[in-house]
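# A structural walkthrough
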Amino acid sequence: MPLYDDSNIFAKILRGDIPCQKVLEGPHVLAFPDLYPKAPTHILVIPKGAYVDIADFGARASEAEITAFWRAVADIAAQAGLKDSGFRVIANAGANGGQEVPHFHVHILGGCPLGPMVSR
Ligand code: AMP
């Protein structure tokens with residue numbers, strides 16, 4: 001597991017160095033729209049703690065952080081009106097997962113049929 005590098009773009013957003021349009025914020029979590037949306041609704045959810053990826057988050061985060069994170073995902077999907085039509089939650093990890101930003105995040109995607117889960 002690589003060490004957390006706080007020069008990543010989401011760490012800058014958390015520090016307020018780069019703006020974002022907040023969709024939800026709590027003590028442990030922040031959510032904002034993806035800058036380059038891949039679907040009509042494309043929201044990123046990130047923990048405020050410094051975790052590289054989902055494996056790091058699952059291994060080191062407190063129960064309060066983990067609960068807050070996944071409750072936020074559910075709340076955002078509901079608030080965005082995605083529950084009835086359906087949606088997808090993606091967590092890319094590492095090189096094979098195609099993770100670009102090394103601060104754990106999930107993508108909530110919806111608003112249209114999303115197609116196959118994986119294309120290679
Ligand atoms: P991933 O490939 O899973 O690491 O996804 C990183 C995502 O961050 C991509 O979908 C980018 O479009 C998105 N992104 C990069 N910079 C920003 C930013 N400043 N604000 C919002 N989303 C961003």
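See the structure printed just above.
Residues numbered from 1 in each chain as written. Predicted model: local features only at pLDDT ≥ 70, side-chain atom pairs only at ≥ 80, totals over all residues. Heavy atoms only, no water.

A regular strand carries its side chains on alternate faces of the sheet. Among the five residues in strand 5 (residues 106-110), five count as buried, and that is most of the element. Burial along strand 5 is two-sided: the face carrying V106, I108 and G110 and the face carrying H107 and L109 are both buried. For strand 3 (residues 41-47) and strand 5, the ladder comprises five bridges, and the chain directions are antiparallel. Counterpart to I43 in the pairing with strand 5 is I108. Direction of pairing for strand 4 (residues 87-90) relative to strand 5: antiparallel, over a ladder of four bridges. Bridged to F87 within strand 5 is G110. (Buried < 20%, exposed > 50% of the residue type's maximum accessible area, 1.4 Å probe, protein only. Helix = DSSP H or I, 4+ residues; strand = E, 2+ residues; numbered from the N terminus. Pairing = 2+ DSSP bridges.)

This part takes up the nonpolar core. If you look at the biggest cluster of nonpolar residues, it comprises 16 residues, and the most contacted ones within it are V45, F69, I76 and I108. Those residues in contact with F69, other than ones at most four positions away along the chain, are V29, V45, I46, P47, F57, F104 and V106. Grouped together as the second largest cluster of nonpolar side chains are seven residues, L30, F32, L44 and I46 included. (Core = buried A, V, L, I, M, F, W, Y, C linked by side-chain atoms within 4.5 Å. Contact = heavy atoms within 4.5 Å.)

So, on to the site of the ligand. Neighbouring the ligand are 17 residues, the closest being D34, N92, E100, H105 and H107. H105 has a polar side-chain atom sitting 2.8 Å from an oxygen atom of the ligand. At a separation of 2.8 Å, an oxygen atom of the ligand approaches a polar side-chain atom of H107. Expressed as a share of its isolated accessible area of 500 Å², the protein-covered part of the ligand is 89%. When residues of the shell around the ligand are traced back to their parent elements, those giving at least two are helix 1 (9-15) and strand 2 (29-33). Here the element with the most residues in the shell around the ligand is helix 1; it accounts for three residues. Its residues placed into classes, the shell around the ligand shows nine nonpolar, five polar and three charged. (Near = heavy atom within 4 Å. Polar contact = N/O pair within 3.5 Å; in protein donor to acceptor, adjacent residues only side chain to side chain. Areas by Shrake-Rupley, 256 points an atom, 1.4 Å probe, with all protein chains shown as cover. Nonpolar A, V, L, I, M, F, W, Y, C, P; charged D, E, K, R; others polar.)

Residues separated by three or four positions in an α-helix point in the same direction, a consequence of the helix having 3.6 residues per turn. The end-to-end C-alpha distance of helix 3 (residues 63-79), which contains 17 residues, comes to 24 Å, matching closely the 24 Å that a straight helix rising 1.5 Å per residue would cover. The set of residues buried in helix 3 consists of E65, F69, A72, V73, I76 and A77. Down the axis of helix 3, the buried side of the element spans an arc of 125°, and every buried residue falls inside it. In this structure, helix 3 carries E63, R71 and Q79 as exposed residues pointing more than 90 degrees from its buried face. Against strand 1 (24-25), strand 2, strand 3, helix 2 (54-60), strand 4 and strand 5 lie the buried residues of helix 3. (Expected span 1.5 Å × (residues − 1). Arc of directions from axis to C-beta.)

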